[in-house]
Amino acid sequence: MSAAWRPATAEARSPAGTSRILLLIAGGGNRQQIERELAQRFTVVHPEGDALPADGFDLAIADGPGLRRWNHALREAKAAAQPVFLPLMLLLPRTDLRDRRRGLSDLLDDFITTPIDRTEFMERVQILLRARQQALEQRDELVRLVNFDRATGLPNRHLFTDRVQAAMRSADTRGAGLFVAVIHVPLAHVLESVGELAVEEAAMTCSAHLCDLAGENVDLARLRMDQWGVRLFDGGRMEAVFELCARIDRLADCGIEAGGETVYLAPRIGVASYPADADSAAGLIDAAIAAAGRARGGEPAFYTMEQCAAALHYLRTEAGLREAFADGQFELWLQPKVPLQAAGPPSAEALIRWRLPSGAMVPPGDFIPVAETSGLIRDITRWVIATAFDLVARTGRDRGQRLHLALNITPVDVQQPGLSEWLRGLCREHDVAPGQIEFELTETMVCDMDEPTLESLHALRAAGFGIAIDDFGTGYSSLGYLHRLPANTLKIDRRFIDKIPGDSGGATVTRAIIDLAQAFNLQTVAEGVEDAEQIEYLRAAGVDYGQGFHIARPMPETDFRAWLARARANGAHPPT
Ligand code: C2E
Ligand code: MG
Ligand code: MG
């Protein structure tokens, strides 16, 4: 032990065991003893290369050379810590007392002379740390007052706005959407009847219920006496909004105690979306508040009319789809595909139809997207596949050849565990060869496909099923990507077929797709063939199959059988 280090006479008590003390002691015999002593109660940290420690510190202790070396950095650290106190203590020989403090007194909070009296030193360290601790606690209290609701402890409007702002930035980077929902609970009625104190009591119970109902991963805030806010950035999925609103709506069933009475309060939920409804966080919250004012009867109200219409359409379609399953309202229609080069087996694309009890038909473009978002598509696809196998099995042979059917599926279906086994089982059960069934996925779907889904698609192809890329030419699949796909067919999008033979651009793209298909050894199908001229053009260009209104419209199974019989009787397949 160095002579300069005098043993302690009293036990120092640490105000905070985890305080970090930065040592900037360049030399002298004191350094090791100081460090050892401090390390028993605190975390001792040192500069990291040319910088002060990145994780910060609560007290810096420097000697003269240390202070000169780190003067600038310490000044910056203290300024950055404002308004919180960040103390600095200087160690200096008694003889240097006047000299060394000159010009630095504004930076120093305390100094101690060497040789050091250990007890005095530790006491001074404690005092500085306590002052720092108090400053930190005051800062935390201030932050709490500014950002949190006093009664419920939830984030308040100020913090909620900051968080919405941050979520908007993150949504921008990810190119995704964001929803903000505001929940209005009619506490004003409670206020009229039982007074302000009881309202706060009721608000606390409401908050607790809302936290439970919203679930763990939802960011809930109290915006005003009777308003709560929820931020949702689940990729801007409408489905997530409805799920949440349905859960929040159950608040209406929760009894809330207020002034000795039990009241039941039905929430009103307003939703605004970014970027459609506002470009600032405050604007987005205001939009949701405005929407909440219009909400009625348990359904959320959306800020814009289009959102309102889209939300209503979604809600009704989803409910309708569930009913459609129970009541057997789906039909599988068939649109013939005819070979343009050599004779081929009878082929068709199966297209789902939804017939409402009123007799009206809902086009697939209206309900397939809702089914995809809600997850109901899995049930729809199972129904389509099962119905299609049954139909193929019942159709028998046409001049020795059996019906080939193309079915539309989505990546969600491909991800279903056990799909390949189920399909092979169906093949055996119905005596259908896998090659008779082709699965169509749109180009946009396959472009976004992840590796496991791609692997499942390969498994289907390996089992002998056909894979077609639907609406080809509209997505952005690169040649490299096409090469990795297990497809055997390209269906040229009808937007290009529409333009031939007149439009040279459409013809050029069609020609390029045909060349591409041939280079990759893929079959080509032209969809949307609407006149004889197009057929001739496509036939001459080497396209394998044609499909479109000119050949036949999609039709129910009985009509399709009649169509097949007519084609056979005419001795023409294709009947063009
Ligand atoms: P898609 O697979 O590209 O089907 C072709 C669509 O083009 C069908 O519309 C068909 O009626 C229409 N079409 C056929 N020929 C012509 C033509 O010459 N001119 C014009 N203008 N249109 C023609 P549909 O039946 O309304 O189906 C629309 C989309 O809905 C389908 O596009 C497909 O993506 C989806 N879809 C249909 N059925 C199912 C299904 O069972 N499952 C899934 N997942 N999606 C389906
Ligand atoms: Mg299709
Ligand atoms: Mg298509």
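Rules behind the numbers
- Residues numbered from 1 in each chain as written.
- Chains lettered and ligands numbered in written order.
- Predicted model: local features only at pLDDT ≥ 70, side-chain atom pairs only at ≥ 80, totals over all residues.
- Heavy atoms only, no water.
- Pairing = 2+ DSSP bridges.
- Helix = DSSP H or I, 4+ residues; strand = E, 2+ residues; numbered from the N terminus.
- Contact = heavy atoms within 4.5 Å.
- Axes fitted to C-alpha atoms, helices over the stretch in contact; angles between N-to-C directions.
- Buried < 20%, exposed > 50% of the residue type's maximum accessible area, 1.4 Å probe, protein only.
- Donors = N, O, S within 2.8 Å, 3.2 Å for Na, K, Ca; no water.
- Near = heavy atom within 4 Å.
- Polar contact = N/O pair within 3.5 Å; in protein donor to acceptor, adjacent residues only side chain to side chain.
- Areas by Shrake-Rupley, 256 points an atom, 1.4 Å probe, with all protein chains shown as cover.
- 1 Å grid on protein atoms, 1.4 Å probe; cavity = no way out; pocket = protein on both sides within 12 Å on 5 of 7 lines; lining within 4 Å.
- Sits in = over half its atoms within 2 Å of the grid points.
- Nonpolar A, V, L, I, M, F, W, Y, C, P; charged D, E, K, R; others polar.

(A) Structural context of the sheet that holds strand 7 (residues 219-224). Read from one edge of the open sheet, 5 strands run 7-8-6-11-12, paired in mixed fashion. Edge positions in the sheet fall to strand 7 and strand 12 (301-302), since each of these pairs with one other strand and no more. Of the pairings in the sheet, the one linking strand 6 (residues 178-184) to strand 8 (residues 227-232) comprises 6 bridges and is antiparallel in character. If you follow Val180 over to strand 8, its bridge partner there is Arg231. Contacting strand 6, strand 7, strand 8, strand 11 (268-274) and strand 12, helix 9 (residues 281-292) runs over the sheet at an angle of about 145° to strand 11.

(B) The pairing of strand 21 (residues 489-492), seen in detail. On strand 21, burial covers both faces: Thr489 and Lys491 on one face and Leu490 and Ile492 on the other are all buried. Both strand 20 (residues 466-472) and strand 21 contribute to a ladder of 3 bridges, which runs parallel. Counted as the bridge partner of Ala468 is Thr489 from strand 21.

(C) Quick look at the coordination of the magnesium ion (ligand 3). Those donors, Asp470 (OD), Asp471 (OD), Glu527 (OE) and Glu527 (OE), are the protein atoms that reach the magnesium ion (ligand 3), and they lie 2.1 to 2.5 Å from it. Between the magnesium ion (ligand 3) and the magnesium ion (ligand 2), a spacing of 4.1 Å is present, and a bridge between the two is formed by Asp470. Linking Asp471 in strand 20 with Glu527 in strand 22 (residues 523-527), this pair joins segments that are 56 residues apart in sequence. By relative accessible area, Asp471 is classed as partly exposed at 23%.

(D) Here's a closer look at the side chain of Gln534. For Gln534, the location among the structural elements is in helix 20 (residues 532-541). Once residues lying within four places of it in the same chain are set aside, the contact partners of Gln534 are Ile497, Asp498, Ile500, Pro501, Gly528 and Val529.

(E) Quick look at the site of ligand 1. Neighbouring residues of ligand 1: 22 residues in total, closest Arg353, Asn408, Asp470, Glu530 and Phe549. At 3.3 Å, a side-chain N or O of Arg494 approaches a nitrogen atom of ligand 1. Contact with the protein chains covers 83% of the free accessible surface of ligand 1, which is 800 Å². In a pocket analysis with a 2 Å cut-off to the grid points, ligand 1 is assigned to the largest pocket. For the shell around ligand 1, the elements supplying multiple residues, two or more each, are strand 14 (347-355), helix 11 (364-374), helix 12 (377-395) and strand 20. Considering every element that reaches the shell around ligand 1, the biggest residue donor is strand 14, with 4 residues. Taken together, the residues that form the shell around ligand 1 break down as 9 nonpolar, 5 polar and 8 charged.

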